[in-house]
Amino acid sequence: MGPLVPVSTRENLTVSTTIVTLTVPAGASRAFMSLTDGSGTIRFTFDGTDPTTTVGHQMQPGDILDLTSPDRTYVEVLQKLEFLREDATDGTLQVDYFA
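None of the values given here were measured: they were computed from a predicted structure.

Could you clarify how one ought to interpret the overall build of the protein chain in this entry?
In terms of helices and strands, the protein chain carries 1 helix and 8 strands. Each helix and strand of the protein chain, ordered N terminal to C terminal, gives the series β-β-β-β-β-β-α-β-β. The C-alpha radius of gyration of the protein chain comes to 13 Å, within 12% of the 13 Å expected for a compact globule of 99 residues. Along the first, second and third principal axes, the C-alpha set of the protein chain runs to 40 × 25 × 20 Å. Looking at the protein chain as a whole, 39% of its 99 residues are labelled buried. Carbon and sulfur atoms make up 49% of the accessible area of the protein chain, which amounts to about 5,200 Å² in all. Across the protein chain, the mean location of the 6 positive side-chain charges is 3 Å away from that of the 13 negative side-chain charges.

Explanation requested: the nonpolar core in the structure shown.
The nonpolar side chains of a soluble globular protein tend to be buried with one another. By size, the foremost hydrophobic cluster in this structure holds 21 residues, and its most contacted members are Leu22, Met33, Leu67, Leu78, Leu81, Phe83 and Leu93. Sorting the residues of this core by element identifies β1 (11-15), β3 (30-35), β4 (42-45), β6 (64-67), α1 (75-80) and β8 (91-98) as the ones contributing at least two each.

Sorry, what's going on with the sheet that holds strand β2 (residues 20-21) here?
Two pairing modes exist for strands in a sheet, parallel and antiparallel, and in both the strands are linked by backbone hydrogen bonds. Taken in spatial order, the 4 strands line up as β2-β7-β4-β5 in an open sheet, and their pairing is antiparallel. Strands with a single pairing partner mark the edges of an open sheet, and in this sheet they are β2 and β5 (57-59). Pairing geometry for β4 and strand β7 (residues 82-85), over 4 bridges, is antiparallel. Residue pairing for β7: arginine 43 is matched across the bridge by leucine 84.

I'm lost on the sheet that holds β1 in this one. Help?
With respect to topology, 4 strands assemble into an open sheet ordered β1-β8-β3-β6, the strand pairing being antiparallel. Taken across any chain shown, the strands that pair with only one partner, and hence form the sheet edges, are β1 and β6. Geometrically, the sheet is characterised by an average inter-axis angle of 20° between neighbouring strands, direction not taken into account. Judged from the 5 bridges that link them, β1 and β8 form a sheet pairing that is antiparallel. By the bridge assignment for β8, glutamate 11 is matched with valine 95.

Reading guide: rules and limits
Residues numbered from 1 in each chain as written. Predicted model: local features only at pLDDT ≥ 70, side-chain atom pairs only at ≥ 80, totals over all residues. Heavy atoms only, no water. Helix = DSSP H or I, 4+ residues; strand = E, 2+ residues; numbered from the N terminus. Rg over C-alpha atoms; globule rule 2.2 N^0.38 Å. Buried < 20%, exposed > 50% of the residue type's maximum accessible area, 1.4 Å probe, protein only. Areas by Shrake-Rupley, 256 points an atom, 1.4 Å probe, with all protein chains shown as cover. Lys, Arg positive; Asp, Glu negative; His and termini not counted. Charge placed at Lys NZ, Arg CZ, Asp CG, Glu CD. Core = buried A, V, L, I, M, F, W, Y, C linked by side-chain atoms within 4.5 Å. Pairing = 2+ DSSP bridges. Axes fitted to C-alpha atoms, helices over the stretch in contact; angles between N-to-C directions.

Rendered as structure tokens:
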């Protein structure tokens, strides 16, 4: 695979009461995501299953989701990721995409 090569500018995704997905740019196969400080807790799923306030992996402010391993690509995973906020405060997810 080789070194990480950025393929677009950072995506700032607001995670609220409606399920949101990533806007994966052409050529992206890996991503690094962080939930900004001051955000609410969010939930996410990898398999296309809808997250709820009790279903899915939990991310708290300051947590990261690192899908940048040089040994594989994550195209299908990136396309299936879904996010939903868990509590009363929206989350802001910062996403950097790489080839």
